[in-house]
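Residue-level listing of the chains:
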Amino acid sequence: MGEEYIARTFKSGNSVALRLPKALGVKEGVEMKVRENRGGFIVEPVPAKDDKIDLTGIFGSIPGITRPPCDENPRDWHAVSLRA
């Protein structure tokens, strides 16, 4: 277990806030998860979200939409020339 720090709660709008000491290394704007555990609280950062959307699970679930044939007209990349 690491060092212990004492922090005091304060009123912030209609909420109660807790200022975390800089020594903990928490960056500004980090989303945190807070949960109660036996009369105490556990505060931990929320894992970073992947900005990509995974659509593999819904493919084929929409009637009338089918996968386009990928190999019907393959492109010959060696024949492509760049124009200046």
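Being a predicted model, the structure only gives us computed values, none of them experimental. Along each chain, numbering runs from 1 in the same order as the chain's sequence is written. Per-residue local features of the predicted model are confined to residues with pLDDT of at least 70, and side-chain atom pairs are confined, for both listing and counting, to 80 or more; whole-chain, interface and lining totals are unaffected and use all residues. Values reported for side chains reflect all heavy atoms of the structure, with hydrogen atoms and water molecules removed beforehand.

1. Thoughts on a nonpolar patch on the surface
What counts, and what does not: Residues enter patches when their relative accessible area tops 30% and they take part in no salt bridge; the joining distance is 9 Å for like charges and 5 Å for the nonpolar side chains Val, Leu, Ile, Met, Phe, Trp and Tyr. Note on areas: Shrake-Rupley, 1.4 Å probe, and residue coverage restricted to the protein chains presented here. One speaks of a salt bridge when a side-chain nitrogen belonging to Lys or Arg is within 4 Å of a carboxyl oxygen belonging to Asp or Glu. Elements are defined by DSSP. Helices are runs of H or I of four residues or more, strands are runs of E of two residues or more, and each kind is numbered from the N terminus.
Taken together, the side chains of Tyr-5, Leu-18, Leu-20, Leu-24, Val-26 and Val-30 define a hydrophobic patch exposed on the protein surface, amounting to about 470 Å² of accessible area. Counting through the fold element by element, Leu-20 comes out in the loop between strand E2 (15-18) and strand E3 (32-37).

2. A closer look at unusual backbone geometry
Our working definition: The buried label goes to any residue with under 20% of its type's maximum accessible area, the exposed label to any with over 50%, and the partly exposed label to all in between, with areas taken from a 1.4 Å probe on protein chains only.
Even without being glycine, Arg-38 reaches a positive phi, approximately 55°. What makes Arg-38 exposed here is its relative accessible area of 84%.

3. Brief notes about the confidence of the model for the protein
Quick note on the threshold: One confidence number per residue, pLDDT, is output by the predictor and ranges from 0 to 100.
The predicted model of the protein averages 80 in pLDDT, with 77% of residues at 70 or higher. Averaged pLDDT values for the elements of the protein fall to 90 in strand E4 (residues 40-45) and rise to 94 in strand E1 (residues 9-12).

4. A look at the environment of Arg-8
Basically, it comes down to this: Whether two residues are in contact is decided by their heavy atoms: any pair within 4.5 Å suffices.
Turning to its location among the elements, Arg-8 is positioned in the segment before E1. Judged by its relative accessible area of 72%, Arg-8 falls in the exposed class. Separated by 10 residues in sequence, Arg-8 and Leu-18 place their C-alpha atoms 6.4 Å apart. Not counting chain neighbours up to four residues away, the residues in contact with Arg-8 comprise Ala-17, Leu-18 and Arg-19.

5. Describing the pattern of salt bridges
For the structure on display, the rule yields 2 salt bridges. One salt bridge connects Lys-33 with Glu-44, and the closest N-O pair in it is separated by 3.7 Å. Here Lys-33 is found in strand E3, whereas its partner Glu-44 is found in strand E4, with 11 residues between them in sequence. Residue Glu-44 is classed as partly exposed on the basis of its relative accessible area of 26%. Of the charged contacts in the structure, one is a salt bridge between Arg-35 and Glu-44, with a shortest N-O distance of 3.6 Å. For Arg-35, a relative accessible area of 39% gives the class partly exposed.

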